[in-house]
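Below are the chains, spelled out letter by letter.
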Amino acid sequence: MQSNNVKITLDDIKEEVAYWNSTIVCYVLGVNPSLMGQVALTKIVGLIGKPVKADSATATRQRLIFARVLVEVTLNQPLPNTIMFENEIGCIVEQKVEYEWKPILCTHCKNYGHEIQNCTKVAKEKGEEEERKGKQQDLAGQ
Ligand SMILES: [Zn+2]
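Residues numbered from 1 in each chain as written. Predicted model: local features only at pLDDT ≥ 70, side-chain atom pairs only at ≥ 80, totals over all residues.

Draft legend 1. Molecular detail of the environment of Ile83. Within the secondary structure layout, Ile83 lies in strand 4 (residues 82–86). Taking C-alpha positions, Ile83 is 7.1 Å from Leu47, a pair spaced 36 residues apart along the chain. Those residues in contact with Ile83 that sit more than four places away from it in its chain are Ile44, Leu47, Ile48, Gln95 and Val97. (Helix = DSSP H or I, 4+ residues; strand = E, 2+ residues; numbered from the N terminus. Contact = placed C-beta atoms within 7 Å.)

In structure tokens:
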């Protein structure tokens, strides 16, 4: 019997993963509307990474309670939940940032694109360990 399930392999998504690995989608929450413009927003979001593209609603200045920006980041950099900047009247503002999408980081091998459950290194190491245990048991049994 043939399965109708579509299977996506790592090869199928390799290029996309490579692209998205260096990108996050972040929300700048509750920012003063005057700071929603391209120039100010680029500066603020620039504290996290390189802004690539603003959400169309953000870009067309619809009334929003947040700005949504696609940001290019370097891997392994921290992604802060707040950023600090000095506003137009010289006050330091703590700005809340949320991430709609962050790359998945494997806590085991520190690589992006998969979680520890799907880590090939974990599977490999487990296999080797089982093999060792098996050998030890063989020896003990003799
Ligand atoms: Zn891994």
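Draft legend 2. Region of interest: the nonpolar core. Formed by Ile24, Cys26, Val28, Ile44, Val45, Ile48, Ala67, Val69, Val71 and Val97, the largest nonpolar core amounts to 10 residues. Listing elements by their share of this core, those giving two or more residues are strand 1 (23–29), helix 2 (38–45) and strand 3 (66–72). Excluding its chain neighbours within four sequence positions, the residues that come into contact with Val71 are Thr23, Ile24, Cys26, Val45, Ile48, Gly49, Lys50, Pro51 and Val52. (Core = buried A, V, L, I, M, F, W, Y, C linked by C-beta atoms within 7 Å. Buried ≥ 20, exposed ≤ 12 C-beta atoms within 10 Å, placed from the backbone.)

Draft legend 3. View of the sheet that holds strand 4. Taken in spatial order, the five strands line up as 2-3-1-5-4 in an open sheet, and their pairing is antiparallel. Whereas interior strands pair on both sides, the edge strands pair on one side only; in this sheet they are strand 2 (50–54) and strand 4. If you compare each strand with its neighbour and ignore which way they point, the axes differ by 40 degrees on average. Strands in contact with helix 2 are strand 1, strand 2, strand 3, strand 4 and strand 5 (92–101); relative to strand 3, the strand with the most contacts, it is inclined by about 55 degrees. (Pairing = 2+ DSSP bridges. Axes fitted to C-alpha atoms, helices over the stretch in contact; angles between N-to-C directions.)

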